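# A structural walkthrough
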Amino acid sequence: MTDTTKPLDMEFVHSQFPGLRDDWVFFDNAGGAQTVKGAVDRITEFLFERNVQIGGSYPVSQAAAEALMAGREAGRTLVNAARPEEIVFGPSTTVLLQTLASAMRSQLQPGDEIIVTMADHESNIGPWDRLREFGIVVKVWPLHHETYRLRLEDLEPLMTERTKLVCVTHVSNILGKVNPVADIAAFVHERGARICVDAVAYAPHRLIDVRAWDVDYYVFSLYKAYGPHAAMMYGKYDLLRELDGLYHYFYGKDKVPGKLEPGNPSYELAYSTDGIVDYLAALGARHGGSGDRRARLEAAYAAITRHEDRLTERLLSWLRARNDCRVIGEAQNDNSTRVPTIAFKFDGMDSGAIARAMDAYGIAIRFGDFHSRRLVEDLGEQGDNGVLRVSMVHYNTVEQVDRLTAALSEIVEKAAA
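We now turn to the structure provided with this report. (Residues numbered from 1 in each chain as written. Predicted model: local features only at pLDDT ≥ 70, side-chain atom pairs only at ≥ 80, totals over all residues. Heavy atoms only, no water.)

Glancing now at the packing of helix α12 (residues 351-358) against helix α14 (residues 398-416). Their axes nearest at 10 Å, the elements α12 and α14 cross at an angle of 125 degrees. With respect to α14, the element α12 is oriented oblique. Along this stretch, α12 crosses α14, giving a crossing that reads as right-handed. Contact with α12, carried on its side by I354, A357 and M358, involves L404, A407, L408 and I411 of α14 and no other residues of that element. (Axes fitted to C-alpha atoms, helices over the stretch in contact; angles between N-to-C directions. Helix = DSSP H or I, 4+ residues; strand = E, 2+ residues; numbered from the N terminus. Parallel < 35°, antiparallel > 145°, perpendicular 65-115°, else oblique. Left-handed = near helix turned anticlockwise from the far one by under 90°. Contact = heavy atoms within 4.5 Å.)

Attention shifts here to the side chain of R42. Following the sequence through the fold, R42 ends up in helix α2 (residues 37-49). With a relative accessible area of 14%, R42 lands in the buried category. Those residues in contact with R42, other than ones at most four positions away along the chain, are Y271, S272, D274, G275 and D278. (Buried < 20%, exposed > 50% of the residue type's maximum accessible area, 1.4 Å probe, protein only.)

Before going further, it helps to examine the packing of aromatic side chains. A complete count under the given rule lists 13 aromatic pairs for this structure. Judged by centre distance (6.4 Å) and plane angle (70 degrees), the ring pair of Y226 and Y395 falls under edge-to-face. A residue pair is termed long-range when its members are at least 10 positions apart, and Y226 in the loop between β7 (217-221) and β8 (231-235) and Y395 in the loop between β13 (387-391) and α14 qualify at 169 residues. Each member of the pair, Y226 as well as Y395, is classed as buried. Ring plane angle 75 degrees and centroid distance 5.1 Å describe the contact between Y249 and F250, whose orientation is recorded as edge-to-face. A relative accessible area of 78% places Y249 in the exposed class. A relative accessible area of 56% places F250 in the exposed class. In textbook terms, an aromatic cluster arises when at least three aromatic residues are bridged by ring pairs, as seen for F12, F17, Y226, Y279 and Y395. In this arrangement the basic side chain of R191 is found over the ring face of F187, its NZ or CZ atom lying 3.6 Å from the centre. The ring of F370 has R389 sitting right over it, with the charged end atom 3.8 Å from the ring centre. (Phe/Tyr/Trp six-rings, centres within 6.5 Å; stacked < 30°, edge-to-face > 60°. Lys NZ or Arg CZ within 6 Å of the ring centre and 35° of its normal.)

To continue, consider the sheet that holds strand β10 (residues 341-346). Here we have four strands laid out as an open sheet, ordered β9-β10-β13-β12, and antiparallel in their pairing. Both edges of this open sheet fall to β9 (325-327) and β12 (366-368), since each of them pairs with a single strand only. The average undirected angle you get between the axes of adjacent strands in this sheet is 30 degrees. Where β12 and β13 come together, three bridges link them in antiparallel fashion. (Pairing = 2+ DSSP bridges.)

The omega torsion across V256 and P257 is 5 degrees, close enough to zero to call that bond cis. Along the chain, the position of P257 falls in the loop between α9 (237-242) and α10 (267-285). In this structure, N385 is a non-glycine residue whose phi angle is positive, near 65 degrees. By the secondary structure assignment, N385 is in the loop between α13 (373-378) and β13.

Function-wise, these values are silent; they only describe arrangement.
The structure is reproduced here in structure tokens:
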């Protein structure tokens, strides 16, 4: 049984991330998290022991193919896909969404509609917006400014019988709020459309279950979820079969997912996914998880969520107590519906100057619009170098949050003096 009282085993966690060193505090994890040792071990093993092309009859080539399939199987476990062939690997979420838009092109006719949201990263807007040149109508699901939420009542009037796809973020990399993708997917499917979810800001923090949510496409970056610079896309197998092939002409419709991985995926980076899942499963076992890897993942993410909720509340409570700054988004974490990605601004101060001043304290944070430029501009927050963002993950600690807030206090006081 999962232990819901045991604190996260930080000694084990920190032992698995060699990059956590030199007393630096990494609070820019939404831009890229540290890489877990097991992922690097898989990469090294592949390059030293299996580094040949797949498809050969000789043993090393077969071992290379086994490594690629192990990566797909790990991806299947991570998102709870029905089969490993539903996992497509690529260099980044941006590229995979561009791939999906290109592969979907022949399914769309002039006048067909795609809906994107104002709250998304540009990766899940730009590829669809570029389809306008083919006569596709692109509509924007607005963000409700008072609640900072995407509401179904605002989506409903946008949908018609020509709506083919709704593209939405699971968590905004600015707002940090978890969107109810299962409810959105059901709403979209009832109206005859499909759903594509950008999960980059969700995947490092919570358990993924694409089948329970009934999403059609689900994409995120491995390098923000403890792996190397690569990404993966889940797609329902039948939908992947319908997509145009982007590889050689003799890669037929049924060659899934290979037809969507032109030039082949990076075998070693795909294989590293197995190391990510092994780490999470081992963490889950330390918190009462038992059974197969998926069951242990559930225990791991339950422990991660409890720990991250403490980090989130520690920072939000400090921000709420001040009268010289404001949180961009909800300042509460009701029912664990927020991840520890928190954007804020100090009144009348330049966000870039504050972020740069943090360098002297050995704390890494960032400022700007984080490629969610449309959202930041829609909220009117582009001035003073945009917003500050602190993005934490489970290897961060409450003590580091206190170190951050103490440094922010000093920086703001010096600027006001």
